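An overview of the molecular structure
Okay, here's what each chain looks like letter by letter:
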Amino acid sequence: ASFASNKRDSANLKAAPKKAIAIAGYCIVHHSSEARYRMNINGHVLSSIPFLPPCYLLIQILLEHSPLQVVASWVQSFVRTHVKVGNADLDDNGAVVVGPQLLAYVLVAIFGYWATDCLIPVIKAYTLKRGISGKDLGKRGTALADKDVPEALGIVPGAIFLICLTFCLVGYATSHPTKLLDLNSALLSVCFMLFLGFTDDVLDWPWRYKLVLPTVASLPLLCCYSGSTSIVVPIQMRSWLMQHGDLTIFGKILCYFIVVDENADGAIVNLGLWYLLYMGMLAVFCTNAINIYAGINGLEAGQSYVIGCAVLFHNLIEIQADSLSKENHLFAAMIMLSFLGVTLALLKHNWFPASVFVGDTFCYFAGMTFAVVGILGHFSKTLLLFFIPQVMNFIYSIPQLFKLVPCPRHRLPKFNAKTGLMEPSTFDCQPHQYRWLKKRRDDTEVANMTVINLTLQFLGPMSERSLCVVLLGGQVVFCALGLFIRYYLSQLFFDK
């Protein structure tokens, strides 16, 4: 009995480490699953914040009547359109019916989210198989540093977006035949940029092509643009152009390049081809601004999602107010709803820790989508108000972008494996060089000139997820500021 007891004790001692390892492994897996669950809940809450204002207006517009009346009017609109009875866009009083159309666009957006969410895991297996993958530079020194992460997954939301947009355009073009040219040009421009972005991810185009090709992609938009090329001059600047009913010297000089409306007493200026040039440059800026304001998990898709929510909110405000450009804003809302659906699904997979990279494919596709709605929706100037962080990042990056200061290939923040926090990335220099950028005159390193690194310099090192949340929070604040400027502050400079 004593021998058997000793034998059992010996067996238990040998099995103890295995049991301990099994228990520890279970605890780690259980803890990580709980942490991931909490992270998913937090991510859902954070992603819902930018969408709350447009969602509130969307529900108000949809539920102006009872839900059954909205669905019934939607079915009636569909039947009228396809049997050619009456006008599908007008109610009995001759007013434009937007509820049924928005309901259809919301359903298509939900389909876009579902299809993108389901297709990304499938496509990322193909990209890994073909070697279209990369390392996460923000995970150096960790177990994830050597893991291959699929790249160019922006092709999935881009392709689903084109499918969703085609579904929307079938009904929209039927009820708005005069907008058919605009619809086709929008599809062509977005499709061109989607193709360019994917080839850039695969072939790594030089920067000179990245500047020229978006200009070519914007040509269909500019060729079919039928809106006004005039702008309203701020009240404070009208005296520069005309005084006492006559043109000033400055106004006469300006007339060699543009047309000053003398009947409006200098309140309106027709820019002509200069306005088309501005819109072409807007397309180039939007596509590249998102691309250079990137480098951490979730930032590219996150900023696009926030800007898209702000654009949709602006469109719904104009639709609800029954403005003169209501039809153009309905067109922009149709595009934005599908865009938000596919972008939110991509953000789910690109959020920290990212299981896929969006690549230049998504950056170019998102930028051109914003340019399309801004140009064809006739609010290209308002659109820039939602790009304030991107404008700040571009201006701050000019010395490096134009090679006045050394510009490394990757300017994303560096990861400190000891602290687990992100720190500003730097480039080397001599003590006497670039003193205007240094904190101390004898420093031999200078932080790369991006808003991301600047945020870390002011707020100190932080985790990659926290850094992304801070930057997206800033995007939300600046988009709210843009709406405040558009609807309140602008009244100080322009007539009501």
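Quick notes on the rules
Here the residue numbering is sequential within each chain, running from 1 through the sequence in written order. Where totals are concerned, whole chains, interfaces and linings use all residues; where local detail is concerned, this predicted model gives features only for residues with pLDDT of at least 70, and gives and counts side-chain atom pairs only at 80 or more. Working from all heavy atoms in the structure, the side-chain values ignore hydrogens and water. Helix axes are fitted only over the stretch in contact, all axes being lines through C-alpha atoms; the angle between N-to-C directions runs from 0 to 180 degrees. Numbering of helices and strands starts at the N terminus; helices are DSSP runs of H or I of at least 4 residues and strands are runs of E of at least 2. The cut-offs work like this: below 35 degrees is roughly parallel, past 145 is roughly antiparallel, 65 to 115 is roughly perpendicular, and the gaps in between are oblique. Only heavy atoms enter the contact rule, under which two residues are in contact if any of them lie within 4.5 Å. Gly is put with the polar residues, along with every residue not named as nonpolar or charged; the nonpolar set is Ala, Val, Leu, Ile, Met, Phe, Trp, Tyr, Cys and Pro, and the charged set is Asp, Glu, Lys and Arg. Here, any two strands with at least 2 DSSP bridges between them count as paired. In summary, the pairing rule links any two rings of Phe, Tyr or Trp, Trp by its six-membered ring, whose centres are within 6.5 Å, and it sorts them by plane angle into stacked for under 30 degrees, edge-to-face for over 60 and tilted for everything else. Burial classification: accessible surface area is computed with a 1.4 Å probe over protein chains only, and a residue below 20% of its type maximum counts as buried, one above 50% as exposed, and the rest as partly exposed. What a helix should span is 1.5 Å times the count of its residues minus one. A residue's bend is given by the angle between axes fitted to the 7 residues ending at it and the 7 residues starting at it.

The contact between helix α9 (residues 273-292) and helix α14 (residues 388-401) brings their axes to 10 Å, and the two run at 80°. Classified by the interaxial angle, the pair formed by α9 and α14 is roughly perpendicular. On the side of α9, the interface is formed by Phe285, Ala289 and Ile292, while α14 contributes Gln390, Val391, Asn393, Phe394 and Leu401. Its residues assigned to classes, the contact of α9 with α14 comprises 6 nonpolar, 2 polar and no charged.

Moving on to the sheet that holds strand β3 (residues 230-232). If you trace the 3 strands from one edge of the open sheet to the other, you get β3-β7-β6, paired in antiparallel fashion. Looking along the sheet, the strands with just one partner apiece sit at the ends: β3 and β6 (259-260). Examined bridge by bridge, β3 and strand β7 (residues 268-270) share 3 bridges and lie antiparallel to one another. Residue isoleucine 231 lies in a different strand from β7, and its bridge partner there is valine 269.

A few words now on the packing of aromatic side chains. Per the stated rule, a full pass over the model turns up 15 aromatic pairs. When the centroid spacing of 5.7 Å and the interplanar angle of 45° are considered together, the rings of tyrosine 275 and tyrosine 278 count as tilted. Linking tyrosine 275 with tyrosine 278, this pair stays in helix α9, spanning 3 residues, or about one helical turn. For tyrosine 275, a relative accessible area of 6% puts it in the buried group.

In this model α14 runs 18 Å from its N-terminal to its C-terminal C-alpha over 14 residues, within 8% of the 20 Å that 1.5 Å per residue would give. Of all the bends found along α14, the most pronounced is centred on isoleucine 395 and spans about 30°, while proline 399, a proline, follows it within four residues. Turning to α14, its buried residues are Ile388, Pro389, Gln390, Asn393, Ser397, Pro399 and Gln400. As for α14, its buried residues are in contact with α9, α10 (299-320), α13 (380-385), β10 (426-428), α15 (451-459) and α16 (464-487). Lysine 403 lies just past α14 and shows a positive phi near 60°.

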